[in-house]
Amino acid sequence: MHSDNQYGHQAGEINFWLPLTNVEETSTLWAESAPGLEDWRPFLVAPGEIKRFHGCTCRHLTRANGTGRSRVSLDFRCAARSAVDAEWQLPGVAHRHEMREMQLAPVEPDEDARCWRKVVDFRGPF
């Protein structure tokens, strides 16, 4: 069990977790809903759906996988430039997390698109 600030991540980062295989309570990521609450909840999302959470301050963990199947998932963190101090470093830690800047071009709104589905659902067709 950990929160990402223990490993040098900054509070402005938001975590995204994307399972590529089916998950069950014993094969998924668990997190508390707010820092220190210890109200552990499983991320029971379908393959291709993304769960967003504040892993820098909310502790998260995995439990022993009792399914007999491997879980495959991706995770990444994003932050607005204004939410990150590029000079900050966790005292006593030599490793620095690499930061990359990505600039997005403006996109015209599509009246038929549901933006939230584009964010949370990456299932096919590919």
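A brief structural summary. Small disclaimer: the values here were computed from a predicted structure and weren't measured. (Residues numbered from 1 in each chain as written. Predicted model: local features only at pLDDT ≥ 70, side-chain atom pairs only at ≥ 80, totals over all residues. Heavy atoms only, no water.)

**Looking at the overall build of the protein**
From N to C terminus, the protein includes 1 helix and 6 strands. Ordered by position from the N terminus, the helices and strands of the protein form the series β-β-β-β-β-β-α. Counting the 126 residues in the protein, one finds 25% classified as buried. Partitioning the contacts of the protein with sequence separation of at least 6, the portion at a separation of at least 24 is 74%. Element-wise, carbon and sulfur atoms account for 54% of the exposed surface of the protein, whose accessible area totals about 9300 Å². (Helix = DSSP H or I, 4+ residues; strand = E, 2+ residues; numbered from the N terminus. Buried < 20%, exposed > 50% of the residue type's maximum accessible area, 1.4 Å probe, protein only. Contact = heavy atoms within 4.5 Å. Areas by Shrake-Rupley, 256 points an atom, 1.4 Å probe, with all protein chains shown as cover.)

**Observations concerning the sheet that holds strand S3 (residues 41–42)**
Note on sheets: strands pair through backbone hydrogen bonds, and any given pair is parallel or antiparallel. Strands sit in the order S3-S2-S5 across an open sheet of 3 strands; the sheet is antiparallel. The strands lining the two open edges of the sheet, one partner per strand, are S3 and strand S5 (60–62). As defined by bridge partners, strand S2 (residues 29–31) adjoins S5 across 3 bridges and the pair is classed as antiparallel. From the neighbouring strand, Leu 29 faces S5, where its bridge partner is Thr 62. (Pairing = 2+ DSSP bridges.)

**A look at the sheet that holds strand S1 (residues 14–19)**
Within the open sheet, the 3 strands sit side by side as S4-S1-S6. Their pairing is antiparallel. Unpaired on one side and paired on the other, strand S4 (51–53) and strand S6 (73–78) mark the two borders of the sheet. If you compare each strand with its neighbour and ignore which way they point, the axes differ by 20° on average. Where S1 and S4 come together, 3 bridges link them in antiparallel fashion. Across the sheet, Asn 15 pairs through a bridge with Phe 53, a residue of S4. (Axes fitted to C-alpha atoms, helices over the stretch in contact; angles between N-to-C directions.)

**A short note on the pairing of S1**
Buried residues dominate S1, accounting for 5 of its 6 residues. Of the strand pairs in this sheet, S1 and S6 are connected by 6 bridges, and their pairing is antiparallel. When the sheet's bridge partners are listed, Leu 18 is paired in S6 with Leu 74.

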